[in-house]
Amino acid sequence: MSVAACGSSSAAGAPKGAPAGTASTLKLGYFANVTHAVPVVGVGDGSYAKALGKTKLTTTIYNAGPTAVQALLSGAIDAAYVGPNPAINAFIKSHGSAVRLIAGGASGGAALVVKPSITNVSQLAGKTVADPQRGGTQDIALKYYLKNHGLGFTGSGGKNVNVVSQDNAQTLTLFKQGRIDAAWLPEPWVSRLQQQAGAKVLVDEKTQWPGGNFVTTNLLVSTSYLKKNPTTVSALLGAQVATAKSITADPAKAATELDADLGKLTGKKLPEAVVVAALKNVKVGWDPYASSLKELATHAADVDLLSKNADLQGIYDLAPLNAVLKKQKLAAVSDGGLGVKGSS
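Since we're looking at a predicted model, the values are computed, not measured.

Undergrad: Would you explain the packing of aromatic side chains in this entry?
TA: Two aromatic rings, taken as a pair, are described by how far apart their centres are and by the angle between their planes. Here the structure, examined in full by the defined rule, presents 2 aromatic pairs. Their ring planes at 10° and their centres at 5.7 Å tell us that Trp209 and Phe214 sit as a pair that is stacked. Assigned by exposure class, Trp209 and Phe214 land together as buried.

Structure below.
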């Protein structure tokens, strides 16, 4: 893992001997989470670097989406795997110009875990509940769920919940100490709190969605990088599809690799069987589940973390991904009507 430096990394020209549209570097961000299993495994086993050929790959690990998209908007990185809400915020903040979603990455793998004594959401009144970062995907999911169950999170009173946003590792420590009562988290932290801190799942987020499918992870790229380096972007997407297929084909092997990779990224080996349990809750792939993105935007607006009039038209450019899928005789994916002109 290397830390990306600030400034644009778009190549002025293709590296010597490389096809046109090839960047000299690709600075990629992602999380050390099971919901980011595809980049974690693909970078870890060298598949991404191999697919990128003469393009040098550097990576940065983030705890949550808002920080990652801030780096993307500043030019510190070129692309990032992030949750849907930070991607939406980046698109809106840049007036629809700076970023594009070019693939999904995972569905599922998020849940509300609680102390065993809590058996109903109403018992969260007056309690402290954690999530990874304010404005992040789990933060919005938590607040939307609380609001829909008659609980507040911004003031005081008998039905108010104290929502705190913090690093996931800190959440585990504070849960063990009894200083927080619940948390809405991505995997492997859901499984870690269950196995290491005695938490139980009160709400698996997939139960809140028709068919259980909702986007957890997307691949977001700088619009300028996408336009200048289409060959590199296609190579990145090809690596993602190949890695996702390999994980799905042999989840036991993938869990072993993912376990080792996460240990390297976090500096600590995870407890035995955590990754195996966590990976079962995550559906990896490339479908962006665009219809769920529309719904997630309304959730963010309902909890005052996004304008109710936010226009997402053009947030997707799935033409490069669908070209990769066509070559592999795989079904095209839909942008749900939110694609740029000429995109699928």
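Undergrad: I would appreciate a short explanation of the pattern of salt bridges in the present structure.
TA: In a structure, side chains of opposite charge can pair up when their charged atoms sit close to one another. A full pass over the atoms with the stated rule returns 4 salt bridges. Here Asp181 ties to Lys115 by a salt bridge, and the two come within 3.0 Å at their closest N and O atoms. Taken together, the residues span a long stretch of sequence, with Asp181 in the loop between α6 (168-176) and β8 (182-186) and Lys115 in the loop between β5 (110-114) and β6 (128-131) at a distance of 66 residues. Across the pair Asp259 and Lys269 runs a salt bridge, and its minimum N-O distance is 3.6 Å.

Undergrad: Hey, could you run me through the packing of helix α3 (residues 65-74) against helix α4 (residues 84-93) in this one?
TA: Between α3 and α4, the shortest axis-to-axis distance is 9 Å and the interhelical angle comes to 35°. Considering the relative orientation of α3 and α4, their crossing is right-handed. Facing α3, whose interface residues are Gly65, Pro66, Val69 and Leu73, α4 presents Pro86, Ala87, Ala90 and Lys93. In the contact of α3 with α4, the residues fall into 6 nonpolar, 1 polar and 1 charged.

Undergrad: What's the story with the confidence of the model for the chain in this structure? I'm lost.
TA: Caution applies to low-pLDDT parts of the model: their predicted coordinates are not meant to be read in detail. With 95% of its residues at a pLDDT of 70 or more, the chain has an overall mean of 91. Counting contacts from residues 1-11, a segment whose pLDDT is below 50, to residues more than four positions away or on other chains yields 34 contacts.

Undergrad: Please clarify how helix α9 (residues 230-249) should be interpreted in this entry.
TA: Residues three or four positions apart in an α-helix share a direction because the helix packs 3.6 residues into each turn. With 20 residues, α9 extends 28 Å from end C-alpha to end C-alpha; this agrees with the ideal 28 Å at 1.5 Å per step. Three or more residues of α9 are buried, namely Thr232, Val233, Leu236, Leu237, Gly238, Ala239, Gln240, Val241, Thr243, Ala244 and Ile247.

Undergrad: Is there a simple way to explain the environment of Asp204 in this structure?
TA: Assignment of secondary structure puts Asp204 in strand β9 (residues 200-204). The partly exposed category is assigned to Asp204, whose relative accessible area is 24%. For the pair formed by Asp204 and Ala319, sequence separation is 115 residues and the distance between their alpha carbons is 33 Å. The contacts of Asp204, once residues within four sequence positions are left out, are Ala110 and Ala111.

Criteria and cut-off values
Residues numbered from 1 in each chain as written. Predicted model: local features only at pLDDT ≥ 70, side-chain atom pairs only at ≥ 80, totals over all residues. Heavy atoms only, no water. Phe/Tyr/Trp six-rings, centres within 6.5 Å; stacked < 30°, edge-to-face > 60°. Buried < 20%, exposed > 50% of the residue type's maximum accessible area, 1.4 Å probe, protein only. Salt bridge = Lys/Arg side-chain N within 4 Å of Asp/Glu carboxyl O. Helix = DSSP H or I, 4+ residues; strand = E, 2+ residues; numbered from the N terminus. Axes fitted to C-alpha atoms, helices over the stretch in contact; angles between N-to-C directions. Left-handed = near helix turned anticlockwise from the far one by under 90°. Contact = heavy atoms within 4.5 Å. Nonpolar A, V, L, I, M, F, W, Y, C, P; charged D, E, K, R; others polar. pLDDT = per-residue confidence, 0-100. Expected span 1.5 Å × (residues − 1).

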